[in-house]
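Spelled out, the chains give:
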Amino acid sequence: MEILRRRIERQIMGVTGMALGDIDYEHPSGDPGLFGPQSVCWRVHSDFTSMLCGGISSLMLQMLHPLALAGVWDHSNFRDDMLGRLRRTSQFIAATTFASTADAERLIDRVRRIHEEVVGTAPDGRPYAANDPDLLTWVHVAEVSRFLAAHLRYRNPELSGDDQDRYYAEVARIAEALGARDVPRTRGETDAYLEAMRPRLRFDARTEEVFRLLIGAPAPHPLARPLVALTMRAGVDLLPTWAAEMAHRDMPRWQRHSVRMGVNRLVPIMRWSVRNGASSRARRRVARATTMAAGSPTEHDRT
């Protein structure tokens, strides 16, 4: 069984930022990172299944903004490497949540530098820049609102309203570190923000192309194809109803039921198999300081 578990874990990790390496989540011992294990974002971001589904949904929602789409379209190789795009996004979320403070800040600085080069003109003639504070806020809200929606659907529907508000307040720190402004910090502020943004969103031929490529993203291994296909459909299902309708991908009730049943059937297997994800390694890093302190010699032992 252990061989089977590890094999499944490798296939699952292949679609995440863990496949990129580059981050040591187990060192330095005791470093809580930017948030620490008592934070709500550690709880929300630690469930692989809901984060994968929510991450797909967030990319779809983000691309409804013409300027966000233009930046990705003009400055990304997503059309040739959609899996790479998903992995890089996954790595940033995992590292800013679970990595050491130094590694989290290093990735934030790296993304800020990358954003400085992402400038251009959208097809409608408007200039865009990835470091535009308002655009950064849109990308952030589209992302974290889908993470929380997925968590409530597939992990903990009983997460309290206060903890949901805490989640938004915590993760606002990352958006602001990247340069976002007026970042929503509660459920009410987030809902109001999304509603206010609706008139600015569009779905055109280029948006359709991004959706098509996302939904048809290749799996890293044939065994992972069913997982990838199902999570793509779950991402569509997690879109706000108005966004799914705008993208011409609203599902009938029976399809939504089928997708949710499929994900819930996979959940026990995925949670059983994934034992060395970013959150598990981070918890070992933080706990190691307690173990070391408990085992350190006292003054009496030294004499």
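These lines cover the structure that appears in this document, whether it is placed above or below. (Residues numbered from 1 in each chain as written. Predicted model: local features only at pLDDT ≥ 70, side-chain atom pairs only at ≥ 80, totals over all residues. Heavy atoms only, no water.)

**What about the side chain of D103?**
Line of reasoning, step 1. Its location among the elements puts D103 in helix α6 (residues 101-117).
Line of reasoning, step 2. Assessed through its relative accessible area of 15%, D103 is described here as buried.
Line of reasoning, step 3. D103 has contacts with I23 and D24, leaving out every residue within four places of it along the chain. (Helix = DSSP H or I, 4+ residues; strand = E, 2+ residues; numbered from the N terminus. Buried < 20%, exposed > 50% of the residue type's maximum accessible area, 1.4 Å probe, protein only. Contact = heavy atoms within 4.5 Å.)

**Some points on the layout of surface pockets**
Line of reasoning, step 1. The computed volume of the largest pocket comes to approximately 1000 Å³.
Line of reasoning, step 2. Taken together, 40 residues line the largest pocket, and the ones lying closest to its centre are R85, T89, V111, H115 and V139.
Line of reasoning, step 3. The set of elements that each furnish at least two residues to the lining of the largest pocket consists of α3 (48-62), α4 (66-75), α5 (82-98), α6, β2 (127-129), α7 (133-154) and α8 (161-178).
Line of reasoning, step 4. At 8 residues, α5 tops the list of elements feeding residues into the lining of the largest pocket.
Line of reasoning, step 5. Here the residues of the lining of the largest pocket are counted per class, giving 24 nonpolar, 12 polar and 4 charged. (1 Å grid on protein atoms, 1.4 Å probe; cavity = no way out; pocket = protein on both sides within 12 Å on 5 of 7 lines; lining within 4 Å. Points joined across faces, edges and corners; volume = space filled by probe spheres on them. Nonpolar A, V, L, I, M, F, W, Y, C, P; charged D, E, K, R; others polar.)

**Some remarks on the packing of α3 against helix α11 (residues 225-237)**
Line of reasoning, step 1. With their axes 7 Å apart at the nearest point, α3 and α11 run at an angle of 55° to one another. Comparing the axis directions of α3 and α11 gives the class oblique. Relative to α11, α3 is oriented so that their crossing is right-handed. Residues L52, C53, I56, S57 and M60 of α3 touch α11, and the partners they reach there are L227, T231, M232, A234, G235 and V236. (Axes fitted to C-alpha atoms, helices over the stretch in contact; angles between N-to-C directions. Parallel < 35°, antiparallel > 145°, perpendicular 65-115°, else oblique. Left-handed = near helix turned anticlockwise from the far one by under 90°.)

**Some points on the nonpolar core**
Burial of nonpolar side chains together is a common tendency in soluble globular proteins.
Line of reasoning, step 1. Counting residues in each nonpolar core, the largest one holds 50 residues, and the members touching the most others are L61, W138 and V263.
Line of reasoning, step 2. Contributions of two or more residues to this core are made by α3, α4, α7, α9 (187-197), α10 (205-215), α11, α12 (241-246) and α13 (253-273).
Line of reasoning, step 3. If near-sequence neighbours (up to four positions away) are discounted, V263 is found in contact with T49, C53, Y154, L230 and A234.
Line of reasoning, step 4. M51, A95, V171 and A278 belong to the second-largest nonpolar core, a separate cluster that totals 36 residues. (Core = buried A, V, L, I, M, F, W, Y, C linked by side-chain atoms within 4.5 Å.)

**Quick look at α9**
Line of reasoning, step 1. Buried within α9 are the following residues: T190, Y193, L194 and M197. On an axial view of α9, the arc spanned by its buried residues comes to 95°, and they lie on one face.
Line of reasoning, step 2. On its buried face, α9 sits against α3, α7, α8 and α12. (Arc of directions from axis to C-beta.)

**Some words on unusual backbone geometry**
Line of reasoning, step 1. Cis peptide bonds are those with omega within 30 degrees of zero, and the linkage from H27 to P28 qualifies with 0°.
Line of reasoning, step 2. Looking at the element boundaries, P28 is found in the loop between α1 (2-13) and α2 (40-45).
Line of reasoning, step 3. Despite not being glycine, D182 has its phi angle at roughly 50°, a positive value.
Line of reasoning, step 4. Tracing the backbone through its elements, the reader meets D182 in the loop between α8 and α9.
Line of reasoning, step 5. A positive phi angle, close to 60°, is found at H248, a residue other than glycine.
Line of reasoning, step 6. As for its position among the elements, H248 is in the loop between α12 and α13.
Line of reasoning, step 7. The class for H248 is exposed, based on a relative accessible area of 66%.

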